[in-house]
Amino acid sequence: MTENSSDSTTKGQEVASHQGASRFRNFAIALVAILLSTALFLGLKTETAPGLLTAMAEASVPLETALSNGKPTLMEFYANWCTSCQAMAPELQTLKQNYTDRVNFVMLNVDNSKWLPEILKYQVDGIPHFVFLNQAGEAIAQVIGEQPTSILEANLVALSSNSPLPYAEATGQTSAFSPPVTPETASKTDPRSHSSQVQS
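Computed from a prediction, not measured in an experiment: that's the story for all the values here.

## Concerning the overall build of the protein chain
Scanning the protein chain from terminus to terminus reveals six helices and six strands. In the protein chain, which comprises 200 residues, the proportion classed as buried is 31%. The contacts in the protein chain between residues at least 6 apart in sequence include a share of 74% that link residues at least 24 apart. On the protein chain, roughly 12800 Å² of surface is accessible, and the fraction owed to carbon and sulfur atoms is 56%.

Take a look at the structure:
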């Protein structure tokens, strides 16, 4: 009988050990499933960079308002496909939240032909392309390409206090952009050209 009881004790321990391992495995699977579900849920709730650019553009001040409300303006030429624009979007969103009471933030999508006159006027050939406008709506500086937040913030502080911009001509990494048309140049032989001169 003693032999029988030690066999049943050993079998009981094996069953208990197997059940413990099975419970641990099931617990681990459930924990991983919860973590993956949470990550997926948060990932869907987090805005993607192109989505953030679109949301920022929709919330930006219309150009016409910015040119007439007496506040200085930071105008950004961007595109949703622009990786440099996407990389800068979160920092720009933070800057906008901090300076929106003092500076207009205007975003112009280079893929929208409506902004072609502005693209040509400011000679946009790489994005992001930032134009700093004073209170009268006149361009006082341009910064092209991906910029550190500190440079943009220093310029915004100066712009909002009507001081000279410390980084008036900075260039960083850009996404190539070519306007669909180029400005016409006047021909020197064209009599309607303002540069033509009467010769005797």
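## Notes on the side chain of Thr73
Position of Thr73 among the secondary structure elements: in strand β1 (residues 73-78). Reaching out from Thr73, the side chain makes a polar contact with the side chain of Asn104 at a distance of 3.1 Å. Not counting the four nearest positions on each side in its chain, Thr73 is found in contact with Ala66, Val103, Asn104, Val106, Val131, Phe132, Leu133 and Leu159.

## Points about helix α4 (residues 83-99)
With 17 residues, α4 extends 24 Å from end C-alpha to end C-alpha; this agrees with the ideal 24 Å at 1.5 Å per step. Within the sequence span of α4, burial applies to Ser84, Cys85, Met88, Ala89, Leu92, Leu95, Lys96 and Tyr99.

## Quick look at a nonpolar patch on the surface
A contiguous nonpolar patch, built from Phe27, Leu31 and Leu35 and spanning about 320 Å² of accessible area, is present on the exposed surface. Within the element layout of this structure, Leu35 appears in helix α1 (residues 2-45). Residue classification places Leu35 among the exposed positions, given a relative accessible area of 55%.

## As for the packing of α4 against helix α6 (residues 149-160)
In contact at an axis separation of 11 Å, α4 and α6 are set at 25° when each is read in the N-to-C sense. As the angle between them shows, α4 and α6 are arranged roughly parallel. For the pair α4 and α6, the crossing hand works out as right-handed. Here Met88, Glu91, Leu92, Leu95 and Tyr99 of α4 come into contact with α6, specifically with Thr149, Leu152, Glu153, Leu156 and Val157.

## Quick word on the pairing of β1
Where burial is concerned, most of β1 is hidden: six out of the six residues are buried. Residues Thr73, Met75 and Phe77 line one face of β1 and the alternating positions Leu74, Glu76 and Tyr78 line the opposite face, and both faces are buried. Pairing analysis gives six bridges linking β1 to strand β2 (residues 104-109), with the strands arranged parallel. Directly across from Glu76, in β2, lies its bridge partner Met107. In this region the chain leaves β1, passes through α4 and returns to the parallel neighbour β2; the handedness of that crossover is right-handed. Bridge analysis of β1 against strand β4 (residues 129-133) gives five bridges, and the strand direction is antiparallel. Of the residues in β4, the one forming a bridge with Glu76 is Phe130.

## Remarks on the nonpolar core
Ranked by size, the top nonpolar core spans 40 residues in total, and within it Met75, Phe77, Ile127, Phe130, Phe132 and Leu156 carry the most contacts. If you list the elements that add at least two residues to this core, you get α2 (49-59), α3 (63-68), β1, α4, β2, β4, β5 (139-144) and α6. With six residues, the top contributor of residues to this core is α4. Those residues within four positions of Leu156 in sequence are excluded, and the remaining contacts are Leu74, Leu95, Tyr99, Val103, Phe105 and Phe132.

## Concerning the packing of aromatic side chains
A complete count under the given rule lists one aromatic pair for this structure. Centroid distance Phe77 to Tyr122: 6.1 Å. Interplanar angle 50°. Geometry classified as tilted. Taken as a pair, Phe77 in strand β1 and Tyr122 in the loop between α5 (116-121) and β3 (126-127) lie far apart in primary sequence, 45 residues in all. Here Phe77 falls in the buried class, since its relative accessible area comes to 0%.

About the criteria used
Residues numbered from 1 in each chain as written. Predicted model: local features only at pLDDT ≥ 70, side-chain atom pairs only at ≥ 80, totals over all residues. Heavy atoms only, no water. Helix = DSSP H or I, 4+ residues; strand = E, 2+ residues; numbered from the N terminus. Buried < 20%, exposed > 50% of the residue type's maximum accessible area, 1.4 Å probe, protein only. Contact = heavy atoms within 4.5 Å. Areas by Shrake-Rupley, 256 points an atom, 1.4 Å probe, with all protein chains shown as cover. Polar contact = N/O pair within 3.5 Å; in protein donor to acceptor, adjacent residues only side chain to side chain. Expected span 1.5 Å × (residues − 1). Patch = residues over 30% accessible without salt bridge, like charges linked within 9 Å, V, L, I, M, F, W, Y side chains within 5 Å. Salt bridge = Lys/Arg side-chain N within 4 Å of Asp/Glu carboxyl O. Axes fitted to C-alpha atoms, helices over the stretch in contact; angles between N-to-C directions. Parallel < 35°, antiparallel > 145°, perpendicular 65-115°, else oblique. Left-handed = near helix turned anticlockwise from the far one by under 90°. Pairing = 2+ DSSP bridges. Right-handed = clockwise from strand over helix to strand, strands pointing away. Core = buried A, V, L, I, M, F, W, Y, C linked by side-chain atoms within 4.5 Å. Phe/Tyr/Trp six-rings, centres within 6.5 Å; stacked < 30°, edge-to-face > 60°.

Shape descriptors only; they carry no functional weight alone.
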